[in-house]
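In case you want the letters, here they are:
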Amino acid sequence: TGYLRPGVFTSAKRWSSHPDMLKQYATCLRERLQEHGIEQPQFYFDIWKSMNHRFQQRMVDPRVDIVSADWSPFKASPWMLPLLMDLTPWREKFEEIEETMANETEVVFVADFPGLELENYINSDFDNVSLTVLNGEVRVEFRGKENNESLKNVTLKKDEKLEIPSGEFHNVLTTSESPSCYYYVSTNQTAVEFNKNITEYMEKQNASAANTTEDTRSANDSLDDPLMQKYQRAAEWKKRRELWSTNLSQLDYFKVWGIKKYFTFRRSLLMGGLAVRNIVFGTPELEQLAADLRWAAGEFNPEKYMDELAGVPMSDNP
């Protein structure tokens with residue numbers, strides 16, 4: 001058993017949401033690995049997504065080998081898991097919980113099917129990590145950091161909470177007959193420290209602008225430091241977001257959404273047309289094919305368009 005990085009053979013992500021593309025991708029992976037002497041490989045995908053601001057949930061049954069799984073364009077794929085509609089009303093509860101959290105606190109909501117297990121790793125950058133069950137029942141399994149302690153199990157029911165150690169793996173198994181719903185709360189200390197440094201950087205920049213040319217030159221010289229450059233990019237991004245929030249109306253956001261949809265449909269139609277052309281007349285030279293693909297993809301940068309609508313100065317507009 002081994003793990004394969006999802007983007008090792010493709011940078012596209014659409015395959016993770018469509019059963020036909022997932023089947024094609026698994027078949028392609030099998031052929032690639034067979035070229036390297038791995039006979040009859042099996043592929044199991046554990047794909048999680050948040051649909052329309054819902055909780056994170058699985059899209060594919062991780063117990064099914066997609067290479068050998070049945071697929072037909074005329075019927076639903078049984079290994080694609082359904083959207084947990086019964087838990088949709090919890091979205092209001094999610095918003096209530098998030099409103100009670102401080103800005104530096106991160107909250108992740110998860111839903112899972114009975115009998116399935118989430119393997120999760122908490123990075124050591126996170127502190128005060130806890131797991132709270134909102135619905136159903138789960139069993140949390142984890143190993144201690146020291147002396148490779150044996151597997152420990154803790155069962156949690158609705159409204160029960162457990163502190164989760166950072167810097168190690170743990171598993172969350174849904175043991176109830178109905179789907180479980182739970183959430184993680186944590187504090188990213190690295191992000192907290194970074195935001196603190198950004199605030200200090202912006203204060204120094206404002207002070208330099210009001211002082212002598214020598215102080216300004218000293219501040220500009222410090223920008224040769226890669227860390228200071230990172231602070232500068234983050235500070236500029238923060239300014240842009242503030243201008244978006246202040247100057248853009250709901251109509252402006254609707255315009256951006258509409259243009260993005262237009263380019264999505266345009267790309268689909270033109271790419272389909274190019275595929276038919278290539279089948280009928282053959283694939284053109286690589287340079288011509290690349291130019292055709294660029295033309296079909298179109299050029300629309302939503303962030304740049306929002307900058308223009310919000311009146312972001314060109315110096316803050318990368």
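Residues numbered from 1 in each chain as written. Predicted model: local features only at pLDDT ≥ 70, side-chain atom pairs only at ≥ 80, totals over all residues. Heavy atoms only, no water.

A. Molecular detail of the pattern of salt bridges. Going through the model one piece at a time under the given rule, you end up with 7 salt bridges. Measuring nitrogen to oxygen at the nearest pair gives 3.8 Å for the salt bridge that ties Glu303 to Arg240. With Glu303 in helix H8 (residues 302–310) and Arg240 in helix H5 (residues 226–247), this pair connects stretches of sequence that are 63 residues apart. Overlapping salt bridges bring together Asp46, Arg58 and Asp112 as one network. (Salt bridge = Lys/Arg side-chain N within 4 Å of Asp/Glu carboxyl O. Helix = DSSP H or I, 4+ residues; strand = E, 2+ residues; numbered from the N terminus.)

B. Quick look at the side chain of Gln57. Structurally, Gln57 can be placed in strand E2 (residues 56–58). Reaching out from Gln57, the side chain makes a polar contact with the backbone oxygen of Pro82 at a distance of 3.1 Å. For Gln57, the residues in contact, after removing those within four places along its chain, are Ile47, Trp48, Lys49, Pro82, Leu83, Leu84, Ala111 and Phe113. (Polar contact = N/O pair within 3.5 Å; in protein donor to acceptor, adjacent residues only side chain to side chain. Contact = heavy atoms within 4.5 Å.)

C. Quick peek at the environment of Val8. Of note, Val8 is situated in the segment before helix H1 (19–35). Between the alpha carbons of Val8 and Leu29 there is a distance of 9.7 Å; along the sequence they are 21 residues apart.

D. Quick look at the packing of helix H6 (residues 250–281) against H8. The contact between H6 and H8 brings their axes to 11 Å, and the two run at 150°. The angle between H6 and H8 falls in the class roughly antiparallel. Here H6 runs over H8; the crossing is right-handed. Contacts between H6 and H8 pair Asp252, Tyr253, Lys255, Val256, Ile259 and Lys260 from the former with Pro302, Tyr305, Met306 and Leu309 from the latter. Counted by class, the contact of H6 with H8 contains 7 nonpolar, no polar and 3 charged residues. (Axes fitted to C-alpha atoms, helices over the stretch in contact; angles between N-to-C directions. Parallel < 35°, antiparallel > 145°, perpendicular 65-115°, else oblique. Left-handed = near helix turned anticlockwise from the far one by under 90°. Nonpolar A, V, L, I, M, F, W, Y, C, P; charged D, E, K, R; others polar.)

E. Representation of helix H7 (residues 286–297). Over its 12 residues, H7 runs 16 Å from end to end, which matches the ideal 16 Å to within 8%, given 1.5 Å per residue. Those residues of H7 that sit buried are Leu289, Asp292 and Ala296. Down the axis of H7, the smallest arc covering the buried residues is 60°, so these residues share one side. More than 90 degrees from the buried face of H7, the exposed residues found are Glu287 and Arg294. Tucked inside the fold, the buried residues of H7 contact H6. (Expected span 1.5 Å × (residues − 1). Buried < 20%, exposed > 50% of the residue type's maximum accessible area, 1.4 Å probe, protein only. Arc of directions from axis to C-beta.)

F. Structural context of the pairing of strand E3 (residues 105–112). Of all 8 residues in E3, 6 are buried, a share of seventy percent or more. Pairing analysis gives 8 bridges linking E3 to strand E10 (residues 180–188), with the strands arranged antiparallel. When the sheet's bridge partners are listed, Val110 is paired in E10 with Tyr182. (Pairing = 2+ DSSP bridges.)

G. Structural context of the pairing of strand E9 (residues 168–174). The element E9 is extensively covered by neighbouring structure, given that 6 of its 7 residues are classed as buried. For strand E4 (residues 117–122) and E9, the ladder comprises 6 bridges, and the chain directions are antiparallel. Along E9, the bridge assignment pairs Tyr121 with Phe169. Sheet topology note: the strand E6 (residues 138–142)/E9 ladder contains 5 bridges and is antiparallel. Paired with Val140 across the strands is Val172, a residue of E9.

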